[in-house]
Amino acid sequence: MDLRKWRHAVGVADNGSFTVAATRLHISQPALSRSIQALERELGLTLFERNAAGVVPSSAGQPILEQARALLGQASALQQSVREMVSGDAGEVRIGVGPMFTALLDELLPDLWQSTPLASVQAHILPVERLVVGLLRGELDFLIADGRAAQGQPAIAVEPLGEAPVGYFVRPEHPLAHRAGLQISDLAEFPRVAPNLPEVTFERDPDIRSSSQALAGQLNCERLDLLVRIAFDSDAILLAMAPMIDDALISGKLVRLDIPDLAQWCANVVLARSASARLSPIARRYADAFSAAVRERIATAA
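Our subject in this report is the structure included herewith. (Residues numbered from 1 in each chain as written. Predicted model: local features only at pLDDT ≥ 70, side-chain atom pairs only at ≥ 80, totals over all residues. Heavy atoms only, no water.)

1. A few points about the pattern of salt bridges
One pass over the structure, following the stated rule, counts 12 salt bridges. Taking the shortest distance from any N to any O, the salt bridge between glutamate 42 and lysine 5 comes out at 2.5 Å. With a gap of 37 residues between them, glutamate 42 in helix H3 (residues 29-43) and lysine 5 in helix H1 (residues 3-15) connect regions that are remote in the sequence. With its nearest N and O atoms 3.0 Å apart, the salt bridge here joins arginine 284 to aspartate 288. With arginine 284 and aspartate 288 both in helix H10 (residues 281-301), this residue pair falls 4 residues apart, about one helical turn. Salt bridges here are not isolated pairs; linked through shared partners, they connect Glu159, Arg284, Asp288 and Arg295. (Salt bridge = Lys/Arg side-chain N within 4 Å of Asp/Glu carboxyl O. Helix = DSSP H or I, 4+ residues; strand = E, 2+ residues; numbered from the N terminus.)

Following this line, the structure appears as structure tokens:
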């Protein structure tokens, strides 16, 4: 089906004149006449007839031209949708972030989504293993998380974003705050709050494994902002990546505990996506924004 010929036919019907239609379609009148004649031969019917008012659709042509007008509208909408998707302004984006990275959603999503109002965005905060499963099932376009759970998965492409320092944080009035040279055993009597951690081996380093064994109770959830508030309001010790709670650290709401045995503790942060499929332009736009924000936070915290 030649949409160009249908545009010519609808143009003639809308303007009631070959001369006016030719001018508005930026085509010569003889070329327009030939186009209409060719279309009528293809259809085996006459689309137009002349009367005192000029050129009007024939009784057979009237319903055909109405359908053609609707078809051209749909074609125009389709072309616009394709342009928006190619430009990264429209389409579906499915994002997964690990519990340590919930602050990124507050920081990025409102402005990012408002700058792409035609996008359909889903954001999921889940334990890392569940994010990896979602990625493998094709339910996510990309995820931002500690990369350990995605390691060794040939179906997943991993883009390293940097090493984020990890530590334990408390309110400034905490009994352990500002004490130098703390031992891991000093943490034992205090409750622990932390995001849900990967079920993979927590760390090979025995000191880090030992520090994660809370004896005084613990609370785990995906709401990092809630965990920060609990640590600020109590003697609970928060486990977190420093770059992800920088607001609380800069404001003095929380301070990092000085534990020499854990001084070099870092997490490898990655952006992970399917190895067999390219990100759509809109998903790539969101992935680039999240990657840049993570890198900036890590660089600032270094």
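Having put the structure on the table, let's press on.
2. Description of the side chain of arginine 297
Here arginine 297 is to be found in helix H10. According to the relative accessible area criterion, arginine 297 is buried, its value standing at 10%. Separated by 3.1 Å, the side chains of arginine 297 and aspartate 246 make a polar contact. Residues within four places of arginine 297 in sequence aside, it is in contact with Ala103, Leu104, Glu107, Pro243, Met244, Ile245 and Asp246. (Buried < 20%, exposed > 50% of the residue type's maximum accessible area, 1.4 Å probe, protein only. Polar contact = N/O pair within 3.5 Å; in protein donor to acceptor, adjacent residues only side chain to side chain. Contact = heavy atoms within 4.5 Å.)

3. Details of the nonpolar core
Ranked by size, the top nonpolar core spans 60 residues in total, and within it Ile144, Leu238, Tyr286 and Phe290 carry the most contacts. Take this core: its biggest share by element is 8 residues, from H10. Leaving out residues up to four positions away in the same chain, isoleucine 144 has contacts with Gly96, Val97, Gly98, Phe101, Leu104, Leu161, Val269, Val270, Leu271, Phe290 and Val294. By size, the runner-up hydrophobic cluster in this structure holds 16 residues, among which are Trp6, Val10, Val55 and Leu65. (Core = buried A, V, L, I, M, F, W, Y, C linked by side-chain atoms within 4.5 Å.)

4. Focus on the packing of H1 against helix H2 (residues 18-25)
Following both chains from N to C, one finds H1 and H2 inclined at 125°, their axes separated by 8 Å at the closest point. By the angle class used here, H1 and H2 are oblique. The way H1 lies across H2 gives a crossing that is right-handed. Listed contacts from H2 to Arg7, His8, Gly11, Val12 and Asn15 of H1 are Phe18, Val20, Ala21, Arg24 and Leu25. Grouping the amino acids of the contact of H1 with H2 by side-chain chemistry returns 5 nonpolar, 3 polar and 2 charged. (Axes fitted to C-alpha atoms, helices over the stretch in contact; angles between N-to-C directions. Parallel < 35°, antiparallel > 145°, perpendicular 65-115°, else oblique. Left-handed = near helix turned anticlockwise from the far one by under 90°. Nonpolar A, V, L, I, M, F, W, Y, C, P; charged D, E, K, R; others polar.)

5. Focus: the pairing of strand S5 (residues 142-146)
Of all 5 residues making up S5, 5 are buried, and the element is well covered by its neighbours. Here S5 runs beside strand S11 (residues 266-274); their pairing, made up of 5 bridges, is antiparallel. Considered in S11, the bridge of isoleucine 144 is made with leucine 271. (Pairing = 2+ DSSP bridges.)

6. Some thoughts on the packing of aromatic side chains
Summed over the entire model, instances satisfying the criterion amount to 3 aromatic pairs. Consider the rings of tyrosine 168 and tryptophan 265, whose centres lie 5.8 Å apart with planes at 55°: the pair is tilted. Linking tyrosine 168 in strand S6 (residues 156-170) with tryptophan 265 in the loop between strand S10 (255-256) and S11, this pair joins segments that are 97 residues apart in sequence. Seen from the ring of phenylalanine 232, lysine 253 lies directly overhead, with NZ or CZ sitting 5.1 Å from the centre. (Phe/Tyr/Trp six-rings, centres within 6.5 Å; stacked < 30°, edge-to-face > 60°. Lys NZ or Arg CZ within 6 Å of the ring centre and 35° of its normal.)

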